[in-house]
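Understanding the architecture of this molecule
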Amino acid sequence: MLRASRRGRRLGRAAVLAALGGLFLAAEPAPRAQSSTANPYRATFGWEQLPEGRVLGTVSGVFPDPDGRHLWILDRCGANQCAGSDLDPILKFDLDGNLVDSFGAGLFGFPHGFFLDHEGFLWVTEGGAHGDARATPGERIGIGHQVLKLDQQGEVVMRLGEAGVWGDDEHHFNGPSGVVVAPSGDIWVADGHRGGNNRIVKFAGDGTFLLAIGGGVGSESKEAARFSDPHDIKMDSQGRVYVADRGNSRVQVFDSDGNLLHIWTHYGKPSGLFIDRDDILYAGDGLSGMVRQGPPDNWRSNLGWEKGIRIGDLKTEQAWVTHFVPQHDEDVGAGIEFLGVDFDGNIYAGEVSRRRLVRYVLHRPSELVGR
């Protein structure tokens, strides 16, 4: 019964997007994103119900539980930092927004990347690169620069990297920003939040180093298969690996052996990626159009593009953007970075500047009549 219900949800979402497809133009690489006038989502706030006095900080990851009844969220302990906090950063909600479980206090300084694998294990990266003020509090107490694997009771079952020690060899990271795990057990890590290693790394399921692409502090590059601030990493059902190469305003796509397949510039300046079970890609862009100068380059400048969420179908050859959800508040500053999607197609996105969760509810076709 549950399986049929999930399938119905997926078909329902696909049908909605297909029905709306005629309202949108595929996004060719251009200096302006799609018009924001035709948008199948409605922004809502206050979905999460937390204990009195507890608030969400920066949300840096969202994943639906395979049971179809719960949602996992990674939160930076009610602020933008967990070092020294006694709050749990890993939160489990039901779909009505009620908090049902939490854990992880004391494990992380600057939790950044988040992934729920096919076996139900939770993966969290420490995303502060050495020299970044966000990494310093964790380094002072001997944490950071690691990728942790946890079970759903909050027990750590694997660690990659050395706690509080940065580097760019086979055993160290420098601000790992994202992680994804293949059904085979292979582990891919985007290693290099801003100022970090600017590489992606592949490990076997037991943590054995297999390969690295790019790498090294100061190695920012616009060349193919090189990176500038690789901010997130995800995988589709075919095993292809997608990297949000944020500093270069592009998505780079690799096969499971690390061979480059595509470079896409039509997803704006992606900070966070999510790929659902139908191989629909959601890319959160909360930085386009913001001018910020500084080394290694003007990495936030993607002038002429709108902030928002771009959605594309990875089953098509070039995965052109078919739907665009604009940033609901243009004055938000740094907007959406990480995001997740439930089985009904609703998007949960964390805004950085305002440290809040926005739930974008998918309209049904009947609600769009006359629009």
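About the cut-offs
- Residues numbered from 1 in each chain as written.
- Predicted model: local features only at pLDDT ≥ 70, side-chain atom pairs only at ≥ 80, totals over all residues.
- Heavy atoms only, no water.
- Phe/Tyr/Trp six-rings, centres within 6.5 Å; stacked < 30°, edge-to-face > 60°.
- Helix = DSSP H or I, 4+ residues; strand = E, 2+ residues; numbered from the N terminus.
- Buried < 20%, exposed > 50% of the residue type's maximum accessible area, 1.4 Å probe, protein only.
- Lys NZ or Arg CZ within 6 Å of the ring centre and 35° of its normal.
- Pairing = 2+ DSSP bridges.
- Axes fitted to C-alpha atoms, helices over the stretch in contact; angles between N-to-C directions.
- Disulfide = S-S within 2.5 Å.
- Lys, Arg positive; Asp, Glu negative; His and termini not counted.
- Salt bridge = Lys/Arg side-chain N within 4 Å of Asp/Glu carboxyl O.
- Polar contact = N/O pair within 3.5 Å; in protein donor to acceptor, adjacent residues only side chain to side chain.

Taken as a whole, this structure holds 12 aromatic pairs when the rule is applied. Ring geometry for W72 versus F103: centroids 5.9 Å apart, planes at 55°, classification tilted. Of the two residues, W72 sits in strand β3 (residues 70-75) while F103 sits in strand β5 (residues 99-103), which places them 31 residues apart along the sequence. A centroid spacing of 6.1 Å and a plane angle of 80° characterise the contact between F203 and F209, whose relative ring orientation is edge-to-face. Among the residues examined, F203 registers a relative accessible area of 3% and is labelled buried. What links up through ring pairs into an aromatic cluster is the set F63, F114, F115, F274 and Y282. Over the aromatic face of F110 sits the side chain of R76, whose NZ or CZ is 4.0 Å from the ring centroid. Positioned over the ring face of F121 is K149, at 4.4 Å from the centre of the ring.

Read from one edge of the open sheet, four strands run β14-β15-β16-β17, paired in antiparallel fashion. Of all the strands in the sheet, the pair left with one neighbour each is β14 (230-235) and β17 (260-264). Between one strand axis and the next, the sheet turns by 20° as a mean value, whatever way the strands run. Across four bridges, strand β16 (residues 250-254) lies against β17 in antiparallel orientation.

Turning next to the state of the cysteines. When the sulfur atoms of two cysteines share a covalent bond, that bond is a disulfide. A full pass over the atoms with the stated rule returns one disulfide. Each disulfide pairs two cysteine sulfurs, and for C77 the partner residue is C82, the sulfurs being separated by 2.1 Å. On the sign convention where negative is left-handed, the bridge of C77 and C82, at about 105° about the S-S bond, is right-handed. In this structure, C77 and C82 share a single accessibility class: buried.

This part covers the environment of R277. Among the secondary structure elements, R277 is positioned in the loop between β18 (272-275) and β19 (280-285). Residue classification places R277 among the partly exposed residues on the basis of a relative accessible area of 43%. Put simply, R277 and S237 are 40 residues apart on the chain and 7.5 Å apart in space, counted from C-alpha to C-alpha.

What follows deals with the side chain of D117. Inspection of the secondary structure puts D117 in the loop between β6 (111-116) and β7 (122-126). For the buried D117, which has no salt bridge, the nearest side chain bearing the opposite charge is K149, at an N-O separation of 4.9 Å. A polar side-chain atom of D117 sits 2.9 Å from the main-chain amide nitrogen of E119. In terms of polar contacts, D117 uses its side chain to reach the backbone amide nitrogen of F121, at 2.9 Å.

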